[in-house]
Amino acid sequence: MHFVIMGCGRVGSTLAKSLSNHGHDVAVIDVEPASFRRLGSSFEGMTVTGLGFDRDTLKAARIDEAYAFAAVSSGDNSNILSARVARETFGVEHVAARIYDPGRAMVYQRLGIPTVATVRWTSDQMLHLLLPQGAVPALTDPSGRVVIAQVPLSKAWIGRRISEIENLTSSRIAFVTRLGDGLVPGHDTVFQDGDQVHVAAASHDVGRIEKAYDQAPPEH
């Protein structure tokens, strides 16, 4: 598949090399030709010097063939404008933009432009590491009504089936992280020591689930 990336900083170059290493066709846009040095000599994709929201620049990057477009430059305005041009002018269905201002990120999310709010993401990841208890949403849908959140589960549940935990707590476990690997639980999957549980829930229901998960299960 063909991907177009606007911005060849640390994020853009890393993303471009990763996609290229997975066998995809990649075009990288940046206003500074020197930025392309971050891609290294082994990069097999194409580079285009110019503004990511300029139509001729995007055409040179074969935006009309793109499966997805990522705007990851250092400027919020440039990223959003580029993402909108890719979506609205060239009809690219899969677009994403990096936004430093978390408030603006939420606005654009609701306008249908998926965003990654750098400050918000970093702070949420720190909360995951620092808080001994408490659910921190890892993903929120554009309406803000549905979240996927990591919720601490009492060690008293160790040995119980995930399906049993869901039934007893009226919750839905989307996936489990076990020894660093993601796992979609089946009917007979058992909660083990060290598992991290990620719940899909209505945002207003996370507090109730958190309390339920903090309690010991009823006796068999």
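Criteria and cut-off values
- Residues numbered from 1 in each chain as written.
- Predicted model: local features only at pLDDT ≥ 70, side-chain atom pairs only at ≥ 80, totals over all residues.
- Heavy atoms only, no water.
- Helix = DSSP H or I, 4+ residues; strand = E, 2+ residues; numbered from the N terminus.
- Contact = heavy atoms within 4.5 Å.
- Buried < 20%, exposed > 50% of the residue type's maximum accessible area, 1.4 Å probe, protein only.
- Core = buried A, V, L, I, M, F, W, Y, C linked by side-chain atoms within 4.5 Å.
- Pairing = 2+ DSSP bridges.
- Right-handed = clockwise from strand over helix to strand, strands pointing away.
- Phe/Tyr/Trp six-rings, centres within 6.5 Å; stacked < 30°, edge-to-face > 60°.
- Salt bridge = Lys/Arg side-chain N within 4 Å of Asp/Glu carboxyl O.

Colleague: Break down the overall build of the protein chain for me, with residues and values.
Modeller: Helix and strand counts for the protein chain come out as seven helices and eleven strands. The long-range fraction of contacts in the protein chain, counting pairs at least 24 apart against all pairs at least 6 apart in sequence, stands at 51%.

Colleague: So what about the environment of I29? Which residues, and what values?
Modeller: Along the polypeptide, I29 turns up in strand β2 (residues 25-30). Note on I29: relative accessible area 0%, which makes it buried. Separated by 32 residues in sequence, I29 and A61 place their C-alpha atoms 7.4 Å apart.

Colleague: Lay out unusual backbone geometry with the relevant residues and their values.
Modeller: Phi is positive for R62, close to 60 degrees, though the residue is something other than glycine. Along the chain, the position of R62 falls in the loop between α2 (55-60) and β4 (68-71). Given the relative accessible area of 26%, R62 is considered partly exposed. A positive phi angle is found at S170, which is not glycine, with a value near 50 degrees.

Colleague: With reference to specific residues and values, describe the nonpolar core.
Modeller: Of all hydrophobic cores here, the largest spans 22 residues; its most connected members are V4, I29, I63, F69, V92, A97 and I113. Looking at this core, the elements that each hand over two or more residues are β1 (2-6), β2, β4, α3 (76-89), β5 (94-99) and α4 (102-110). Of the residues forming this core, the biggest block, four residues, is contributed by α3. Those residues in contact with A97, other than ones at most four positions away along the chain, are A71, N79, I80, A83, I113, P114, T115 and V116. Counting residues in hydrophobic clusters, the runner-up holds 16 residues, among them V147, V151, V176 and V206.

Colleague: Could you give an account of the pairing of β1, with specific residues and numbers?
Modeller: Within β1, five of the five residues are buried, which leaves the element mostly enclosed by the surrounding structure. Burial of β1 is two-sided: the residues H2, V4 and M6 facing one way and the residues F3 and I5 facing the other way are all buried. Looking at chain direction, β1 and β2 are connected through five bridges and run parallel. Following the sheet pairing, M6 is matched in β2 by I29. At this point the chain moves from β1, through helix α1 (residues 10-21), to the parallel β2, and the crossover so formed is right-handed. As judged from the four bridges shared by β1 and β4, these two strands associate in the parallel manner. The partner of M6 across the bridge, within β4, is A71.

Colleague: Residue-level account of the packing of aromatic side chains, with values.
Modeller: In the structure shown here, the tally under the stated rule is one aromatic pair. An angle of 70 degrees between the planes, with centres 5.9 Å apart, marks the rings of F3 and Y67 as edge-to-face. Of this pair, F3 sits in strand β1 while Y67 sits in the loop between α2 and β4, placing them 64 residues apart in sequence. Since its relative accessible area comes to 38%, Y67 is described here as partly exposed.

Colleague: If you had to explain the pattern of salt bridges to someone new, which residues and values would you point to?
Modeller: Going through the model one piece at a time under the given rule, you end up with eight salt bridges. Among the ionic pairs, R62 bridges to E65, the shortest N-O distance being 2.9 Å. We note a salt bridge from E88 to R84, for which the minimum N-O separation is 3.0 Å. Here R84 and E88 lie together in helix α3, a separation of four residues that amounts to about one turn. When salt bridges with common partners are traced through the structure, they connect D25, R62 and E65 into a single cluster.

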